[in-house]
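# Structural characterization, general
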Amino acid sequence: MKKLSSVNKFLLAVIIFFTFGYIIYPMISLVRESFTLADGSFTPTAFLNAFSPSSVSATLNSILLSVITVIGSAFIGILFAYIFQYHRIPLKSFFSSIIIIPVATPPLIGVVAFLFLLSENGLISKLLTFVFGMNGSLFSFDGWAAIITIHVYSFYPLFYLFVSSALKKIDGNTIDASYSLGASKSKTFFNVIVPQLIPSMIGASLIVFMASMASFSAPFIFGGSERFLTTEIYSAKINGDNSAASSLAVMLTIISLLFLLLLRFYRSRKTYEIRYKGTPRTVITGHKKGINILSSTFTVIFSFLIVLPIFTLLFLSFIPEGSLMRNFFAEPFTFGNYSKIFGEAQFFDPFINSLQMSVIAVAITVVIGVGTAFLIVKKNVKGGNYLESILSLPYGIPGTVIALAFILSFNFPSVFTGFIALVGTFWILPLAYAVRNLPILMQSSISGFHSIDPSLEEASFSMGATGVRTFRKITGPLIFPAVLNGALLVFINSIGEFVSTILLYTYSTKTISIEIYSQLRMYNTGAAASYGIILFLIVMIVVYFSRKTLDKSVGVS
Amino acid sequence: MANLEIRNITKKFNDTEVLSDMNIDVRQGEFFSIVGPSGCGKTTLLRIIGGLEFPDSGKIIVNGKDITSLPPQKRKIGIVFQNYALFPNMTVYQNIAYGLEILKTDKSVLKNKINSVLDIVSLSHKTNNSVTSLSGGEQQRVSLARVIVTEPELILFDEPLSNLDYSLRIETRNELKRLQRDVGITSVYVTHDQTEALALSDRIAVLNKGVVQQTGSPYEVYYNPKNSFTASFIGHANLFDEKNSEQIFKINTGKNKVLALLPEEIILTKDDEEGKGKITDVQFTGFSIEYSIQIINSDRIIKTLCTTTSETEHLKTGDRVSLKISENNRDSNLRILDK
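This structure is a prediction, so every number in the text was calculated from the model and none was measured. (Residues numbered from 1 in each chain as written. Chains lettered and ligands numbered in written order. Predicted model: local features only at pLDDT ≥ 70, side-chain atom pairs only at ≥ 80, totals over all residues.)

## Brief notes about the overall build of chain B
The condition is simple: Going along the chain from the N terminus, every DSSP run of H or I of four or more residues is numbered as a helix, and every run of E of two or more is numbered as a strand. With C-beta atoms placed from the backbone, a residue is labelled by how many other C-beta atoms lie within 10 Å of its own: buried for 20 or more, exposed for 12 or fewer, partly exposed between the two. By the criterion used throughout, residues are in contact when their C-beta atoms, derived from the backbone, lie within 7 Å.
Across its full length, chain B carries nine helices and 18 strands. For chain B, the spread of C-alpha atoms along the three principal axes comes to 80 × 45 × 35 Å. Across the 339 residues that make up chain B, the buried fraction comes to 39%. Within chain B, contacts between residues separated by at least 24 positions form 66% of all contacts whose residues are at least 6 apart in sequence.

Spelled out as structure tokens, the structure:
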């Protein structure tokens, strides 16, 4: 370990303060509460809340939902990864951008869009009525089917991204080598291609499972009487039963962290990689015209289905308020919904709140995330791997749980709250967003620092540059793309955050997502849809720029 | 320009001694190579000279001044890295300007210096290109220009040619020698390629297992190796133990000594009856033929080399041959070395 300068020591102190105050301490408070009865007495039996029949059924439902989500997402994601890698699809890059749209869409937007598309009063149902003069609700879209549909919609792109990046790394020569050694097509597929994909499939499965366990919006809106862990925690909290809420939260966290542990274990294992000169050859095996036409048609239809909910949202954002119950195809288009949002302070404030909170969350994660990465990678700080593990924990802690833990920890003044009761203030929201997203930024910074060849800094030193100059001119600019990319991701996640916001907001700190939800509650579809579209556009613009900066990121081969 | 003294340098990583009590003198303006197999400690030694590692004991002295504990920033030693270490976020011009800006060089002087150094490495037409767009050979020249423009007292080269293709390597090697001679900066060059070291250097230090085996001019280390390691590493010499050299050449080496003969010093004649060796492989490389010969009644394989224009008859795999030491053996004294 190199000696730390006083600036670095200060940075380390800030990071340790943050880690303890906003991750360790809230989790301790949560566990303590889970063992406390409603009357305030501390007893192990309080935790039995987590094993009551309704809790057990909620746990089993959540697990079952996650398993189904993983299977469904895997099926679609892997299928498209395969098609896009090996078949000839027209406008390939266009369609491959389309099919990853859901991964960037805030979960609540997806939920609302599906609601408007498929529910009893949704677009499809209205269209059928309009065209065929059919009456009323032909089908209902709720419960398990609705939740699973939305989950698969939101999570299959993760499988697609993981598996297609693994497919891209497969050297076409290994496939040719297998054929030339006399292996059949199926033997080659199962013995050469699949083994190289398994690590990516495991990774995607674990991440989708965790995301599905933590999912709140879909079960919340469509769950009805079905119990799921996240929604049970929410209702227990709203009913004032902190103890039961905490017990369930601990349960959920244990399951999620178990999967995080598996994920970290799997990532630490070595993957197949051989370094050689030259570039791996990629092959397109779709020789047969029929197959290419089939998969192209399929891709076009599927891409249409992917953007359909978003177009529904766009369509409804131009429909006058209160038309949902009527036959809105007859109504004229209007910009009224948008002008209301931008015109009236009451409707515009949520935007300001969301933007401010997201920017603050980004600032906090950048300072803590980049600082930690710097100290771990560049300064080899003692115990750095423990610090990294603790700061990665929030990746496995669902938003509902973080919000609950924050409420329990910060509802009275302490050194971590700036000596005020933080609950109910503006600041608790960006703080929660920052903690939730810290792992993303820290990991992208760590890999950013790792990807810098140490000899660049050595070259700078040997030419007489100080540590500060080297960071400003060489290291800083080189990690910038990685940090910016992480920061934009944090921004996207924060601006549409709903899960922890719904537990932490007050009237004056309403965010866009809360406003969408409350407009929905009041059947103001037009307003909800316009908010949704604006939020969607903000996210897409940010994604566009983050992809641009990634493309521009540099490296000497 | 400077002379460099390496005094009793010792370095351990964990419990393994990488360098033990190393002493080397590099003279002013000299092109000095440190050559040895991978893992011999040559890169560690280079990094210690550059201040990127610090020795456990011993001293690094430049121009009589002890710099052992100085950080790299204060050493005025330029380093050309194996992977060039060009700053990918900067252009060719900015890379070269980097060191000069640190020296607070006057703007107009800076521009002139950069232009003239770009001229020297023939890259004037790529001044404002991004370094990532350059070929390997061009990147190599930029990394050299970046170092010489700051006029360091010493330049360190860490296997700078190993990432280049064969023909480019030869070309860049010649270029490098020309530049070093023109600029005249004392240079320390680390490589595992003995041909490269022989071709480039004024003097060479042969390293093995953290110990200097021999220091001398290319001719000295090639023709007068001091031990069997140098003989086989530098000249690919064949080593014959006491029994073999007595049997084949009727030369008594004495106990625990070996006779070292370079591949081109052994003359083969076809002898189906009495021949002491049997040809197991023939490799034709154009200007020369390399024979692998198994000594009869032994599993010892030796290699010999003869030019294709020489008078010796061309032999085939399976031929029995007798072995003789060439009359042209340069110093006509036999190399009898410690095992």
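## Quick notes on the environment of Leu 37 of chain A
Residues and elements named next belong to chain A. By the secondary structure assignment, Leu 37 is in the loop between helix H1 (6-34) and helix H2 (53-86). Under the C-beta neighbour-count criterion, Leu 37 is labelled exposed, with 12 such atoms within 10 Å. Discounting chain neighbours no more than four positions away, the residues touching Leu 37 are Thr 43, Ala 46 and Ser 243.

## Quick word on the sheet that holds strand E1 (residues 4-13) of chain B
All names here are of chain B. Condition: Pairing between strands requires that DSSP locate at least two bridges from one strand to the other.
Taken together, four strands build an open sheet; the order of strands is E2-E1-E4-E5 and the sheet is antiparallel. If you trace the sheet from one side to the other, it starts and ends with strand E2 (16-26) and strand E5 (65-66), each paired once. Bridge count between E1 and strand E4 (residues 57-62): five bridges; the pairing is antiparallel. Paired with Leu 4 across the bridge in E4 is Val 62.

## A closer look at the confidence of the model for chain A
Using the following cut-off: Confidence per residue, as judged by the predictor, is encoded in pLDDT with a range of 0 to 100.
For chain A, the mean per-residue pLDDT works out to 84, and 91% of the residues sit at or above 70. Within the model, the stretch residues 553-557 of chain A combines pLDDT values under 50 with ten contacts to residues more than four positions away or in other chains.

## Thoughts on the sheet that holds strand E6 (residues 77-80) of chain B
Residues and elements named next belong to chain B. What counts, and what does not: A fitted line through C-alpha atoms serves as each axis, taken over the contacting stretch for helices, and the angle formed by two N-to-C directions is quoted from 0 to 180°.
Spatial strand order, E6-E7-E8-E3-E9-E10: six strands in an open sheet with mixed pairing. Taken across any chain shown, the strands that pair with only one partner, and hence form the sheet edges, are E6 and strand E10 (211-216). Pairwise comparison of adjacent strand axes, ignoring direction, gives a mean angle of 20° for this sheet. Direction of pairing for strand E3 (residues 31-35) relative to strand E8 (residues 186-191): parallel, over a ladder of five bridges. Bridged to Ile 34 within E8 is Val 190.

## Some thoughts on the nonpolar core
Definition in use: One nonpolar core equals one set of buried Ala, Val, Leu, Ile, Met, Phe, Trp, Tyr and Cys residues connected by C-beta atoms within 7 Å. As used throughout, domain bounds are those supplied by an automatic or database domain assignment.
In this structure, Val 112, Phe 159, Leu 248, Leu 404 and Ala 432 of chain A together with Val 188 of chain B are the most contacted members of the largest nonpolar core, which totals 228 residues. Among the elements that make up this core, the one with the highest residue count is helix H7 (residues 143-169) of chain A (13 residues). When residues of this core are sorted by domain, at least three fall in each of domain 1 (4-232) and domain 2 (240-338) of chain B. Residues in contact with Val 112 of chain A, not counting those within four places in the same chain, are Leu 313, Ile 516, Leu 520, Ala 528 and Gly 532 of chain A.

## Side note on the interface of chain A and chain B
Residue-level contacts link 17 residues of chain A with 21 residues of chain B. Those elements that place two or more of their residues in the side of chain A that touches chain B are helix H19 (454-462) and helix H20 (467-495) of chain A.

## What to know about the packing of helix H15 (residues 345-378) of chain A against helix H16 (residues 384-392) of chain A
Residues and elements named next belong to chain A. The condition is simple: For classification purposes, an angle smaller than 35 degrees is called roughly parallel, one larger than 145 roughly antiparallel, one from 65 to 115 roughly perpendicular, and anything else oblique. Crossings are classed by handedness, with left-handed meaning an anticlockwise turn of the near helix from the far one by less than a right angle and right-handed meaning a clockwise turn. Throughout this entry, Asp, Glu, Lys and Arg are counted as charged residues, while Ala, Val, Leu, Ile, Met, Phe, Trp, Tyr, Cys and Pro are counted as nonpolar. The remaining residues, Gly among them, count as polar.
Packing of H15 against H16 leaves a shortest axis separation of 9 Å and a crossing angle of 150°. Relative to H16, the element H15 lies roughly antiparallel. Crossing angle aside, the handedness with which H15 passes H16 is left-handed. Between H15, through Thr 372, Leu 375 and Ile 376, and H16, the contact on the second element is made entirely by Gly 384, Leu 387, Glu 388 and Leu 391. Broken down by class, the residue content of the contact of H15 with H16 amounts to four nonpolar, two polar and one charged.

## What about the packing of H1 of chain A against helix H12 (residues 242-268) of chain A?
Residues and elements named next belong to chain A. Their axes nearest at 7 Å, the elements H1 and H12 cross at an angle of 120°. In terms of their interaxial angle, H1 and H12 are classed as oblique. Crossing handedness for the pair H1 and H12: left-handed. Of the residues in H12, those in contact with Leu 30, Val 31, Glu 33 and Ser 34 of H1 are Asn 242, Ser 243, Ser 246, Ser 247, Ala 249 and Val 250.

## As for the pairing of E10 of chain B
Residues and elements named next belong to chain B. Sheet topology note: the strand E9 (residues 203-208)/E10 ladder contains five bridges and is antiparallel. The residue of E10 that forms the bridge with Val 206 is Gln 214. In this structure, the hairpin formed by E9 and E10 is closed by a connection of two residues, where Lys 209 is found at a positive phi of approximately 50°.

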